[in-house]
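Architecture at a glance
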Amino acid sequence: MGALPVFRWRLAPDGYATRRQLRARGLRPGGQPVAAQLERPRRRRGPLVAYLYRVDLAKPVRPMTPARWAALAKANTARRICPTCRRDAGYVIPASLGECAPCAYPEHAAA
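Residues numbered from 1 in each chain as written. Predicted model: local features only at pLDDT ≥ 70, side-chain atom pairs only at ≥ 80, totals over all residues. Heavy atoms only, no water.

As recorded in an unreviewed UniProt entry, the chain goes by RRQRL motif-containing zinc-binding protein and comes from Streptomyces sp. 900105245.

If you want it as structure tokens, here you go:
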């Protein structure tokens, strides 16, 4: 296999799309290899690169099943539980803190 075709930003031919563009159409790459790449030049740094996939080989997005919805809900609930006080914080706990705000900053919680 040779090198990938490289297109300049906004100059890719029809029939190619990025993952986001495929998703907006209700499609996914479906295991196909990257077909081409898009490069956007930048000053003083390397170019931004986006990988392109062939639209004609893309497959439809798999529908969410009830089991997948349940697993997603359980994962999102777990992100709201503080590991220190074991309470639902009411928001997704930031990874930078690792615990809810009252546990991370107890001096402000008393006020």
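1. Structural notes on the environment of Val 61
Definition in use: Elements are defined by DSSP. Helices are runs of H or I of four residues or more, strands are runs of E of two residues or more, and each kind is numbered from the N terminus. Contacts between residues were defined by any pair of non-hydrogen atoms, one from each residue, lying within 4.5 Å.
Structurally, the position occupied by Val 61 is in the loop between strand 6 (59-60) and helix 2 (66-78). As a C-alpha pair, Val 61 and Arg 28 span 33 residues in sequence and 5.6 Å in three-dimensional space. Not counting chain neighbours up to four residues away, the residues in contact with Val 61 comprise Arg 23, Gly 26, Leu 27 and Arg 28.

2. Brief notes about the layout of surface pockets
Worth spelling out the cut-off: A cavity here means a set of 1 Å grid points, computed over protein atoms only, where a 1.4 Å probe fits but cannot escape. A pocket is an open set with protein on both sides within 12 Å along at least 5 of 7 lines, and lining residues have an atom within 4 Å of a point. Grid points are joined across faces, edges and corners, and a volume is the space filled by probe spheres set on the points. Each residue gets one label: Ala, Val, Leu, Ile, Met, Phe, Trp, Tyr, Cys and Pro are nonpolar, Asp, Glu, Lys and Arg are charged, and the others, such as Gly, are polar.
Estimates place the volume of the largest pocket at around 170 Å³. Around the largest pocket, the lining residues are Trp 9, Arg 10, Ala 12, Pro 13, Tyr 16, Ala 17, Thr 18, Gln 21, Leu 38 and Leu 52. Partitioning the lining of the largest pocket into residue classes produces 7 nonpolar, 2 polar and 1 charged.

3. Considerations on a nonpolar patch on the surface
The line we're drawing: Each patch is built from residues that are more than 30% exposed by relative accessible area and take part in no salt bridge. Like charges join if they lie within 9 Å; nonpolar side chains (Val, Leu, Ile, Met, Phe, Trp, Tyr) join within 5 Å. Areas reported as accessible are Shrake-Rupley estimates using a 1.4 Å probe. Residue values count occlusion only from the protein chains shown. What makes a salt bridge here is a side-chain nitrogen of Lys or Arg within 4 Å of a carboxyl oxygen of Asp or Glu, nothing more.
A grouping of Met 64, Trp 69 and Leu 72 is seen on the molecular surface, where their side chains present a nonpolar patch of about 310 Å² in accessible area. With respect to the helices, strands and loops of the structure, Leu 72 is situated in helix 2.

4. So, the pattern of salt bridges
Selection rule: Exposure categories follow from relative accessible area, calculated using a 1.4 Å probe and restricted to protein chains: below 20% of the type maximum is buried, above 50% is exposed, and the middle band is partly exposed.
The tally for this structure, following the rule as stated, stands at 2 salt bridges. Arg 54 is the salt-bridge partner of Asp 56, the closest N and O atoms lying 2.8 Å from each other. For Asp 56, a relative accessible area of 57% corresponds to the exposed category. Where Asp 88 meets Arg 80, a salt bridge forms, and the shortest distance between an N and an O atom there is 3.2 Å. We classify Asp 88 as partly exposed; its relative accessible area is 44%. Looking at Arg 80, the relative accessible area reads 29%, which means it is partly exposed.

5. Considerations on the sheet that holds strand 5 (residues 45-54)
What counts is decided by this rule: At least two bridges found by DSSP between two strands are what make those strands a pair.
Ordered by their spatial adjacency, 4 strands build an open sheet running 1-4-5-2, and the pairing between neighbours is mixed. In the strand order of this sheet, the two ends are held by strand 1 (6-8) and strand 2 (16-17), each with one partner.

6. Observations regarding a positive patch on the surface
The condition is simple: His is not counted here, nor are the chain ends, while Lys and Arg score as positive and Asp and Glu score as negative. We put the charge of a Lys on NZ, of an Arg on CZ, of an Asp on CG and of a Glu on CD.
Taken together, Arg 10, Arg 40, Arg 42 and Arg 45 make up a surface patch of like positive charges. Tracing the chain through its elements places Arg 40 in strand 4 (residues 36-42). For Arg 40, a relative accessible area of 38% corresponds to the partly exposed category.

7. Let's talk about the environment of Ala 35
In this structure, Ala 35 sits in the loop between strand 3 (27-28) and strand 4. Considered as a pair, Ala 35 and Ala 17 are 18 residues apart in the sequence and their alpha carbons are 9.5 Å apart.

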